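Coordinate analysis (summary)
Residue-level listing of the chains:
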Amino acid sequence: MVLAELGSKISSALNAMTNSVVIDEKVLDDLVKTIGNALMMADVDVRLVKKLQNNIKAAVNLDGEAAGINKRKLIHSTVFKEMIALLDSGKAQYKMKKGKPNVIMFVGLQGAGKTTTVTKFAYHYKKKGWKTALICADTFRAGAFDQLKQNATKAKIPFYGSYTENDPVVTAEQGVKQFREEKFEVIIVDTSGRHKQEAALFEEMRELERAIQPDDTVFVMDSSIGQAAKPQATAFREAVNVGSCIITKLDGHAKGGGALSAVAATQSPIIFIGTGEHIDDFEEFNSQSFVSRLLGMGDLQGLQKILEK
Amino acid sequence: LWSRFVGKTLDREQLEPVMEQFRENLMSKNVAQPIAEQLCDSVCADLEGTSCGTFTSVRAKVSGAIESSLTRILTPKRPVDVVQGVLAAKKQQRPYTICFVGVNGVGKSTTLSKVAAYLMSLKFKVGIAACDTFRSGAIEQLRTHAKRLKIPLYAEGYDKDAAFVAAEAIRRAKAEGLDVVLIDTAGRMQDNLPLMRALAKLIQVNRPDLCLFVGEALVGNDAVDQLSKFNAQLTTLQSTGIDGIILTKFDVIDDKVGAAISMTYTTGKPIVFVGTGQTYKDLKRLNVSTIVKSLLK
Ligand SMILES: Nc1nc2c(ncn2[C@@H]2O[C@H](COP(=O)(O)OP(=O)(O)OP(=O)(O)O)[C@@H](O)[C@H]2O)c(=O)[nH]1
Ligand SMILES: Nc1nc2c(ncn2[C@@H]2O[C@H](COP(=O)(O)OP(=O)(O)OP(=O)(O)O)[C@@H](O)[C@H]2O)c(=O)[nH]1
Ligand SMILES: [Mg+2]
Ligand SMILES: [Mg+2]
């Protein structure tokens, strides 16, 4: 995904810098440009890229007294600090409570992968021994209930939905009520795709939130999304209490930088990534360990220590 | 003082900072990075050494050149006319066949239903072939649309060979005197070779009159890779690959309309329709000048 690839692009740019004897304005400019292009090609929000570039330039004071070796170190650590800032939401991940109902609502743009992902998510917890159920609160999309029903049936996960009720709030409420009474632990609510330009769809999402009072709201984002990612994600966060992100379709060619910008906008951690259409094409994602793995690469060993100082 | 009134010759040094602004603006409007780069480079090369009129600023000159370049990219050399196609096939007493392809979740099935509604409004007899035999709910999704639109749907169920489902659908449509068959296919990643081969087989066996790539306006840099790989995989001795593009979710992107450029620049294929919402009426033609205006804003 984006960070792994960026990590290698950036470290080769940093290496190239190491090879040049003098570190002057031009060397720094080239480095900042290379990083900017790599980020832009990965769809990171243009404004975020600009900010990151400016931050690097500002932090690395070339006129300072430091000798070449320390300048290099400074540049290294600044670049990676900025990269981490991009990814790390600083918010703790929601922790499922054993023996209690945990209501999790999934939201996102049309076609992002919500319905596919809710089953993967449910299956993940079911395998770990949690009592898990699915609710279809998408009464809009043609075939939405059949899609969830077929997936849930294959995975042997109890589900709730209706072919006749056309108010998603009613369906969601009824489903949550039933599964609460039956002492389910992970109760997952799938919702319709929506976008910020259509106010009624956002209002419906707020009503859903009020009705079912989710313990966590997961924002699902397609890894191929470009510059529209940030404004959409921001609007979702402002409308409902988004607490986690899942990035889908990372089995494709897309680098996921748009999705990263969305993560930055939601200020929520990425908890899983989707890597295919099948139920177990799903991986847990820990941004902390991902970043430290990135930092542990090649000549960057020990950088973590520098950062901690 | 005089020099202010004398036309000047543009050199790279004057052009570069202005180009940089335009390049960045194009990327912020979601034009893929390498395409924004190439486009600006070629405009810059064209302008270098030309004279800039007395009262025109470098900026205005660059803007004009980019505007015509963008317009050229978006204006198809060979437009696709679906209605003409259907009429021509009708004369040969056979149904006109359109196949919808693309990556997962972009809006293929929804767009197919919109195209069905559009062709029905022109009094054509339309049928649907359910050749996504993989994704859960795919067949029920189309059945719902077919019921609403009151048109026939041919489906054999899940896990069937899509190429043969399409062949049988076309055979029946001919027997029943339908004018158009719309073929839905499963979404797939352009890098997934087995799935891409299965799609190439469907195209080879059935030789649809029109193969439309459905891409979403939300897509960023991946647009380039999606289109070039779908086109390459589907171009064979029997098939010319992608004939045209449908750009969906145009209502979701405000003025970030750059995917239109990324997609047409990559293939030179026209954007046949634009999807602007989730109902049957949300199918529009591309308005080139509006897009160019948004991109330059
Ligand atoms: N390759 C791949 N495809 C995926 C992944 N996740 C979802 N998909 C596919 O993406 C398409 C859309 O997925 P859905 O789950 O229907 O998306 P959604 O967000 O529920 O869509 P709406 O309910 O219409 O908003 C389907 O074809 C899925 O199979 C993934 O990680 N990889
Ligand atoms: N806002 C908006 N949503 C759209 C548009 N076109 C399609 N959608 C929505 O996008 C989602 C996915 O649409 P589908 O038609 O199922 O997409 P698909 O490409 O057939 O998906 P797969 O078959 O799973 O690959 C649905 O929620 C559609 O309502 C559009 O132009 N605008
Ligand atoms: Mg869904
Ligand atoms: Mg479909």
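I will try to describe carefully the structure that is included in this document. Owing to the predicted nature of the structure, the values given are computational and were not obtained by experimental measurement. (Residues numbered from 1 in each chain as written. Chains lettered and ligands numbered in written order. Predicted model: local features only at pLDDT ≥ 70, side-chain atom pairs only at ≥ 80, totals over all residues. Heavy atoms only, no water.)

A few words now on the interface of chain B and chain A. With 39 residues of chain B at the interface, the matching set in chain A holds 39 residues. Both faces combined, the contact of chain B with chain A buries some 3,300 Å², and carbon together with sulfur accounts for 51% of it. In this assembly, chain B and chain A are joined by two salt bridges. Elements that contribute at least two residues to the side of chain B that touches chain A include exactly α1 (12-28), α2 (33-47), α6 (138-149) and α9 (222-234) of chain B. Residues of the side of chain B that touches chain A, tallied by class, amount to 10 nonpolar, 16 polar and 13 charged. (Contact = heavy atoms within 4.5 Å. Buried area = accessible area lost by both parts, 1.4 Å probe. Salt bridge = Lys/Arg side-chain N within 4 Å of Asp/Glu carboxyl O. Helix = DSSP H or I, 4+ residues; strand = E, 2+ residues; numbered from the N terminus. Nonpolar A, V, L, I, M, F, W, Y, C, P; charged D, E, K, R; others polar.)

The next subject is the site of ligand 2. Neighbouring residues of ligand 2: 24 residues in total, closest Lys108, Ser109, Thr110, Arg135 and Gln278 of chain B. Looking at what sits near ligand 2, you find residues from chains A and B. Separating an oxygen atom of ligand 2 from a backbone N or O atom of Gly275 of chain B is a distance of 3.2 Å. With the chains in place, 96% of the 660 Å² that ligand 2 exposes on its own is no longer accessible. For the shell around ligand 2, the element with the highest residue contribution is helix α5 (residues 108-121) of chain B, accounting for four residues. Residue composition of the shell around ligand 2, by class: two nonpolar, 15 polar and seven charged. (Near = heavy atom within 4 Å. Polar contact = N/O pair within 3.5 Å; in protein donor to acceptor, adjacent residues only side chain to side chain. Areas by Shrake-Rupley, 256 points an atom, 1.4 Å probe, with all protein chains shown as cover.)

With that settled, the discussion passes to the packing of helix α5 (residues 114-127) of chain A against helix α6 (residues 144-154) of chain A. Residue and element names in this part refer to chain A. Taken N-terminus to C-terminus, the directions of α5 and α6 make an angle of 25°; their axes are 10 Å apart at the nearest point. Here α5 lies roughly parallel to α6, going by the angle between them. Considering only the axes of α5 and α6, their crossing is right-handed. Between α5, through Thr115, Thr116, Val118 and Thr119, and α6, the contact on the second element is made entirely by Gln147, Leu148, Asn151 and Ala152. Partitioning the contact of α5 with α6 into residue classes produces three nonpolar, five polar and no charged. (Axes fitted to C-alpha atoms, helices over the stretch in contact; angles between N-to-C directions. Parallel < 35°, antiparallel > 145°, perpendicular 65-115°, else oblique. Left-handed = near helix turned anticlockwise from the far one by under 90°.)

With that settled, the discussion passes to empty space enclosed by the protein. Residues and elements named next belong to chain A. Under the counting rule described, the total for this entry stands at five cavities of 30 Å³ or more. The calculated volume of the largest cavity comes to roughly 70 Å³. The wall of the largest cavity is formed by Gln93, Tyr94, Met96, Ile104, Phe121, Tyr125, Asp216, Val218, Ser244, Ile271 and Phe272. Residue assignment for the lining of the largest cavity shows that the elements contributing at least two residues are α5, β5 (216-222) and β7 (270-274). (1 Å grid on protein atoms, 1.4 Å probe; cavity = no way out; pocket = protein on both sides within 12 Å on 5 of 7 lines; lining within 4 Å. Points joined across faces, edges and corners; volume = space filled by probe spheres on them.)

The subject of this paragraph is the environment of Gly111 of chain A. As for its position among the elements, Gly111 of chain A is in the loop between β1 (102-108) and α5. Judged by its relative accessible area of 24%, Gly111 of chain A falls in the partly exposed class. Sequence separation between Gly111 of chain A and Arg194 of chain A is 83 residues, and the spatial gap between their C-alpha atoms is 9.3 Å. Once residues lying within four places of it in the same chain are set aside, the contact partners of Gly111 of chain A are Asp222 and Lys249 of chain A together with Gly105 and Lys249 of chain B. (Buried < 20%, exposed > 50% of the residue type's maximum accessible area, 1.4 Å probe, protein only.)

In this section: the pairing of strand β11 (residues 271-275) of chain B. Residue and element names in this part refer to chain B. Where burial is concerned, most of β11 is hidden: five out of the five residues are buried. Once the chain exits strand β10 (residues 244-248) it traverses helix α10 (residues 259-267) before rejoining the sheet at β11, and the crossover so formed is right-handed. Pairing of β11 with strand β12 (residues 283-284), which is carried by two bridges, proceeds in the antiparallel orientation. Across the sheet, Val274 pairs through a bridge with Lys284, a residue of β12. (Right-handed = clockwise from strand over helix to strand, strands pointing away. Pairing = 2+ DSSP bridges.)

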